[in-house]
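# Coordinate inspection notes
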Amino acid sequence: MPEDLNWAVGGEAGDGIDSTGKIFAQALSRAGRHVFTSKDFASRIRGGYTAYKVRTSVDRVESVVDRLDILIALTERTVDENLDELHEDSIIIYDGERTMMKDFEAPGETTGLDVPLKALAEDAGGAIMRNIVALGAACAVTGFNIEYLDESLEKRFGDKGEAIVENNKKAARLGAEYVEEEFDLTTPYDLETTDNDYVLLNGDEAIGMGAIAGGCRFYAGYPITPATDVMEYMKGRVENYGGVVVQAEDELSAINMALGAARAGARSMTATSGPGIDLMTETFGLIATSETPLVICNVMRSGPSTGMPTKQEQGDLNAMLYGGHGEVPRFVLAPTTIAECFHKTVEAFNLAEKYQLPVYLTADLSLAVTEQTFEPDEFDMDAVEIDRGKVVDEDNIDEWTNEKGQFKPHALTDDGISPRSFPGTTDGAHMSTGLEHDELGRRTEDTEMRVKQVEKRDRKVETAREREDFDYREFGNEDADTLVISWGSNEGPMLEAIDFLEEDDIDVRFLSVPYIFPRPDLSEEIEAADETIVVECNATGQFADLVEHDALSRVKRINKYNGVRFNADELAEDIKAELGETTEVEA
Amino acid sequence: MSSDIRFTDFKSDKQPTWCPGCGDFGTMNGMMKALANTGNDPDNTFVVAGIGCSGKIGTYMHSYALHGVHGRALPVGTGVKMANPDLEVMVAGGDGDGYSIGAGHFVHAVRRNVDMTYVVMDNRIYGLTKGQFSPTSREDFETSTSPDGTHQQPVNPLALALAAGGTFIAQSFSSDSQRHAEIVQEAIEHDGFGFVNVYSPCVTFNDVDTYDYFRDAIVDVGDEDFDHDPSDYDAAKDLILDRDKEYQGVIYQDDSSVGFEEREGVTEPMTDIPDGAPDDAMDLVREFY
Ligand SMILES: Cc1ncc(C[n+]2csc(CCOP(=O)(O)OP(=O)(O)O)c2C)c(N)n1
Ligand code: SF4
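All figures in this text were calculated on a predicted structure; none of them were measured in a lab.

On to the overall build of chain A, then. A tally of regular secondary structure across chain A gives 18 helices and 21 strands. Since a compact globule built from 587 residues should have a radius of gyration of about 25 Å, the 26 Å found for chain A is in line with a globular shape. Considered along the principal axes of its C-alpha atoms, chain A spans approximately 90 × 60 × 40 Å. Residue burial in chain A is summarised as follows: out of 587 residues, 62% are buried. Long-range contacts, defined as pairs at least 24 residues apart, comprise 73% of the intrachain contacts of chain A with a sequence gap of at least 6. If you sum the accessible surface of chain A, you get close to 22300 Å²; carbon and sulfur atoms cover 42% of it. Averaging the locations of the 55 positively and 119 negatively charged side chains of chain A gives two centres separated by 8 Å.

Here the focus is the overall build of chain B. In terms of helices and strands, chain B carries 11 helices and 8 strands. Against the globule reference of 19 Å for 289 residues, chain B gives a C-alpha radius of gyration of 20 Å, in line with a compact fold. In terms of principal-axis extent, the alpha carbons of chain B reach across some 70 × 45 × 40 Å. A buried classification covers 60% of the 289 residues belonging to chain B. Intrachain contacts of chain B at a sequence separation of at least 6 include 71% that bridge at least 24 residues. Taking the 19 positively charged and 49 negatively charged side chains of chain B as two groups, their mean positions are separated by 6 Å.

To continue, consider helix H3 (residues 73–83) of chain B. For H3(B), the buried fraction is high: 11 of the 11 residues fall into the buried class. Those residues of H3(B) lying buried are B:Ala73, B:Leu74, B:Pro75, B:Val76, B:Gly77, B:Thr78, B:Gly79, B:Val80, B:Lys81, B:Met82 and B:Ala83.

Attention now moves to the sheet that holds strand E18 (residues 508–512) of chain A. All names here are of chain A. On the basis of which strands lie adjacent, the open sheet formed by 5 strands has the order E16-E18-E17-E20-E21 and mixed pairing. Where the open sheet ends on each side, the last strands, each with one partner, are strand E16 (473–476) and strand E21 (556–559). Here the average twist between neighbouring strands, direction ignored, is 20°. Inspection of the sheet shows strand E17 (residues 482–486) paired to strand E20 (residues 531–536) by 5 bridges, in the parallel sense. Directly across from Ser486, in E20, lies its bridge partner Val535. Together, E16, E17 and E18 form the strand contacts of helix H15 (residues 491–503), whose direction differs from that of E18 by roughly 175°. Most of the contacts of helix H18 (residues 568–578) go to E21, to which it runs at about 150°, and overall it touches E17, E20 and E21.

So, on to the packing of helix H1 (residues 17–30) of chain A against helix H5 (residues 146–157) of chain A. Any two packed helices are characterised by how steeply their axes cross, that is the angle between the axes, and by the distance between the axes. All names here are of chain A. H5 packs onto H1 with a crossing angle of 125° between their chain directions and a minimal axis gap of 8 Å. When the axes of H1 and H5 are compared, the pair comes out oblique. At the point where H1 passes H5, the crossing takes the right-handed sense. Listed contacts from H5 to Ser19, Lys22, Ile23, Phe24, Gln26, Ala27 and Arg30 of H1 are Tyr148, Leu149, Glu151, Ser152, Leu153, Lys155, Arg156 and Phe157. Residues that form the contact of H1 with H5 fall into these classes: 7 nonpolar, 3 polar and 5 charged.

Looking now at the nonpolar core. Among soluble globular proteins, nonpolar side chains are generally buried collectively. In this structure, A:Phe218, A:Ile296, A:Ile485, A:Ile516, A:Phe543 and B:Phe195 are the most contacted members of the largest nonpolar core, which totals 88 residues. Broken down by element, this core gets its largest block of residues, 7 residues, from helix H9 (residues 251–263) of chain A. Residues contacting B:Phe195, with those up to four places away along its chain left out, are B:Tyr99, B:Phe106, B:Tyr118, B:Val120, B:Pro157, B:Leu158, B:Ala161, B:Phe168, B:Ile169 and B:Ala170. Judged by nonpolar contacts, the second largest core, of 59 residues, contains A:Val230, A:Phe331, A:Val346 and A:Leu365.

In this assembly, 50 residues from chain B lie in contact with 68 residues from chain A. Both faces combined, the contact of chain B with chain A buries some 4900 Å², and carbon together with sulfur accounts for 64% of it. If you sort the residues of chain B by the area they bury against chain A, B:Tyr64, B:Phe288 and B:Tyr289 come out on top, with a joint share of 17%. Run the count over chain B and chain A and you get 6 salt bridges. One salt bridge connects B:Glu264 with A:Lys235, and the closest N-O pair in it is separated by 3.3 Å. If you look at where chain B meets chain A, you find 28 residue pairs in polar contact (both at pLDDT 80 or more).

A separate point is the site of ligand 1. Every one of the 17 residues lining ligand 1 counts as a neighbour, but B:Cys53, B:Ser54, B:Gly96, B:Asp97 and B:Gly127 are closest to it. Mapping the residues adjacent to ligand 1 onto the chains of the assembly identifies chains A and B. B:Ile125 places a polar main-chain atom, nitrogen or oxygen, 3.1 Å from an oxygen atom of ligand 1. Between ligand 1 and B:Gly127, the relevant distance is 2.8 Å, taken from an oxygen atom to a main-chain nitrogen or oxygen of the residue. For ligand 1, whose unbound accessible area comes to 590 Å², protein coverage reaches 74%. It is helix H4 (residues 95–101) of chain B that provides the largest number of residues to the shell around ligand 1, a total of 4 residues. In terms of residue class, the shell around ligand 1 is built from 6 nonpolar, 8 polar and 3 charged.

Here we take up the pattern of salt bridges. All names here are of chain A. Applying the stated criterion across every chain, the model contains 57 salt bridges over all chains. The salt bridge partner of Arg55 is Glu496, with a shortest N-O separation of 2.9 Å. With a gap of 441 residues between them, Arg55 in strand E3 (residues 49–57) and Glu496 in helix H15 connect regions that are remote in the sequence. In this structure, the salt-bridge partner of Lys576 is Asp504, at a minimum N-O distance of 2.5 Å. Note that Lys576 is positioned in helix H18 and Asp504 in the loop between H15 and E18, a separation of 72 residues in sequence. Here Lys576 falls in the buried class, since its relative accessible area comes to 8%. Judged by its relative accessible area of 39%, Asp504 is partly exposed. Beyond isolated ion pairs, a larger network of salt bridges with shared partners links Asp4, Arg55, Arg67, Asp69 and Glu496.

A word on a negative patch on the surface. Negative charge collects at one region of the surface, where A:Asp481, A:Asp499, A:Glu502, A:Glu503, A:Asp505, A:Asp507 and A:Asp530 lie side by side. With respect to the secondary-structure elements, A:Glu503 resides in helix H15.

Another point: the site of ligand 2. In the neighbourhood of ligand 2, the contacting residues comprise B:Trp18, B:Cys19, B:Cys22, B:Cys53, B:Asn123, B:Cys202, B:Val203, B:Thr204 and B:Phe205. Along the lines of polarity and charge, the residues of the shell around ligand 2 split into 7 nonpolar, 2 polar and no charged.

This part covers the sheet that holds strand E9 (residues 244–247) of chain A. Residues and elements named next belong to chain A. The 7 strands are arranged E9-E8-E10-E11-E13-E12-E19 in an open sheet whose pairing can be described as mixed. The sheet is open, and its two borders are formed by E9 and strand E19 (515–517), each paired with just one other strand. The mean angle between the axes of side-by-side strands here comes to 20°, regardless of whether they run parallel or antiparallel. Note that strand E11 (residues 294–300) and strand E13 (residues 358–364) share 7 bridges and pair parallel.

Contact geometry for H9(A) and H3(B): axes closest at 6 Å, N-to-C directions at 45°. With respect to their mutual orientation, H9(A) and H3(B) come out oblique. Here H9(A) and H3(B) pass one another in a crossing that is right-handed. Where H9(A) abuts H3(B), its residues A:Ser253, A:Asn256, A:Met257, A:Leu259, A:Gly260 and A:Ala261 lie against B:Pro75, B:Val76, B:Thr78, B:Gly79, B:Val80 and B:Ala83. Across the contact of H9(A) with H3(B), the residue classes tally to 7 nonpolar, 5 polar and no charged.

Thresholds applied
Residues numbered from 1 in each chain as written. Chains lettered and ligands numbered in written order. Predicted model: local features only at pLDDT ≥ 70, side-chain atom pairs only at ≥ 80, totals over all residues. Heavy atoms only, no water. Helix = DSSP H or I, 4+ residues; strand = E, 2+ residues; numbered from the N terminus. Rg over C-alpha atoms; globule rule 2.2 N^0.38 Å. Buried < 20%, exposed > 50% of the residue type's maximum accessible area, 1.4 Å probe, protein only. Contact = heavy atoms within 4.5 Å. Areas by Shrake-Rupley, 256 points an atom, 1.4 Å probe, with all protein chains shown as cover. Lys, Arg positive; Asp, Glu negative; His and termini not counted. Charge placed at Lys NZ, Arg CZ, Asp CG, Glu CD. Pairing = 2+ DSSP bridges. Axes fitted to C-alpha atoms, helices over the stretch in contact; angles between N-to-C directions. Parallel < 35°, antiparallel > 145°, perpendicular 65-115°, else oblique. Left-handed = near helix turned anticlockwise from the far one by under 90°. Nonpolar A, V, L, I, M, F, W, Y, C, P; charged D, E, K, R; others polar. Core = buried A, V, L, I, M, F, W, Y, C linked by side-chain atoms within 4.5 Å. Buried area = accessible area lost by both parts, 1.4 Å probe. Salt bridge = Lys/Arg side-chain N within 4 Å of Asp/Glu carboxyl O. Polar contact = N/O pair within 3.5 Å; in protein donor to acceptor, adjacent residues only side chain to side chain. Near = heavy atom within 4 Å. Patch = residues over 30% accessible without salt bridge, like charges linked within 9 Å, V, L, I, M, F, W, Y side chains within 5 Å.

In short, shape yes, function no, at least from these values alone.
In structure tokens, the structure reads:
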């Protein structure tokens, strides 16, 4: 029996693929199984192939694999798209009465189960529930207790009233009964359940949750895939804590609103994706020069320009590191797991306020839209600490005023960090500007002051390096000759790739780096290894460039930029190829 | 807020570098008077300024202030006010800043109706970049970038504001200092977005829209014999669309307006947050069961 089950529902956009997948994923999570989902969606609202894949196991799952066990196919194309992943034990659930599936024949050794999804749904109260019938059928095929499905139907439709919930439960049962009665099936699938209570969420949601927990009270944004979920999550929740979400007229406005709120003393954030980052770059320099703490979340998608809006890429590193005219320090944090999206968001706010600079928090599309199960206490709210940095009040503001009693928001300090006075603070009134300024914040072109202010701002980076732990996460065999480094969502597939490689007696040491700037110095690790391979989802190897630069050493690169995330077996093969290990060609 | 605040308390000790005679001196003095008269003090006031000669105003005033990037002052002001509704927020900039590069933000700020005051120093020219035409320049106006006339119609900022659902639309003239200060004061006192277009002549680059021109052209809608009712939308519309005259005073005011921050339920400054996650934060996690 396979240890994990790979399940998918696919059809046309508008077929309710997303909610179908989500309901099943939630049921599995409620049943104490780990879940990892992935979405394949086109950038259109109706029409176009979309699929929702769920991988589930009693152990933690971190990535997708290219094997599909159960497929609910609402269109022929769903089968075509996934042909490579089907195997002899695969089961395809379809509705032979559906026009698109009329002449369907299950390919190869796979089993096709023709279930009259629509007709059964109508029996239960409405054709719209045909997806739920299919879910019931899938439960029967996998020996999965249908009561868990009930729970997630209650969660999904509870607001719509008891009758709707009951109809859906009935639809699921009709699907299950049909399979049990009509087919003489013996499948190798038998989904074990546990008593664990997991939570199931995606990276965008984790970022939104981290923002609220981390004290963010002001959010301004302009909708863009795949960052919109952050805004939608916060809207309706942050208000409970006295905050607000403003949908701005564009990204220029969004970031300026966020800047205004930050200057007014709120923890403030905006989130966007590539094209929005370009627009925000104008104000980015102002944020940095005026030393305003702000978190700018960039949920990366495939670029350049509008590129492939619903596809994976990690191509914006250079834009975040170097974007904008002139030179200003900024931090770039890149969580590597969904749980880390939460923690790094909290950290991003602390770093922004402690060092009074803009912090880019970046997740790639795969991390943002993928859902995964976690133990609830991986989001330990008690461990959240909020550090607002050097904020002055009426009592100590005197220490930071000049002989005329004027407050010095850009005071030259040894650690590069100046005091902050929130508007409303008596005697704290001061000017902030994008112009080069003196300690009072007033415009200056004095050459000495210019140099001092530039150095003061840069000094914050050194201070942060001394005070913070810009570390990496380590996996695999510490003594291995091969070192693999990655950032962002590649951690998941890489963790499983390590297992695949071990099966072939290949040991690797794997470092997953959540800090792009400031970042850990990896020179020693690279020196200790025979080979270093940097894995990332872009064409040019932007992170690999940084690693080479830091370590003064050449690294090998594995780059993927077709819009699809790495999967574990593929990554293992790529690493073998880089190491010159030839893979046996299958006969 | 203390009652002994004088308008000079809003003055910084920086000497303005505006050309002698620039209309912006009068505009700024009126703003400071209006702020003091409405019981504000520098520590509860936030001035956001654009880029341009006009945008330097934040430097010459004393308050919490931000001098931002060109055209984006209104969104900054919106953020400030939403994050701390206790602050008096005043946004100031030029006609280029507000109606050209920032025109989009202008329309949306008006429509959102955040409780702040927006003062535009309209000199119908780009001052800081040394004399190119601006969006309010006349159609036949000759400048360094329009040697044979602009060939572009001027925008009508008041009409834009009215069309966008403005709740307080006014115009003033910087050298009529008494009236100008009064009008800004009314804008501050208005609950919602108070918009004042101020004729603020550029003595260096604009020899058409001069003090003399405005002095002759201006009609005060507040004059008794003029008899204008600012709550009368149609009357306001007629005045605004009449481009043959220059009107000063409160042209339109909707007293029933409620600021965006209030409609969004923002009542407290967002400055005070707990040292850790909110007490019930685990509920946020449990939602994902
Ligand atoms: C993005 C950007 N584009 C152009 C400029 C150059 N610039 C500075 S001020 C200005 C025009 C200012 O005109 P206005 O707003 O009417 O103000 P005035 O100087 O007349 O008071 C321009 C185009 C700039 N600072 N930023
Ligand atoms: S150039 Fe014109 S607008 Fe600028 S300071 Fe001189 S007079 Fe005023």
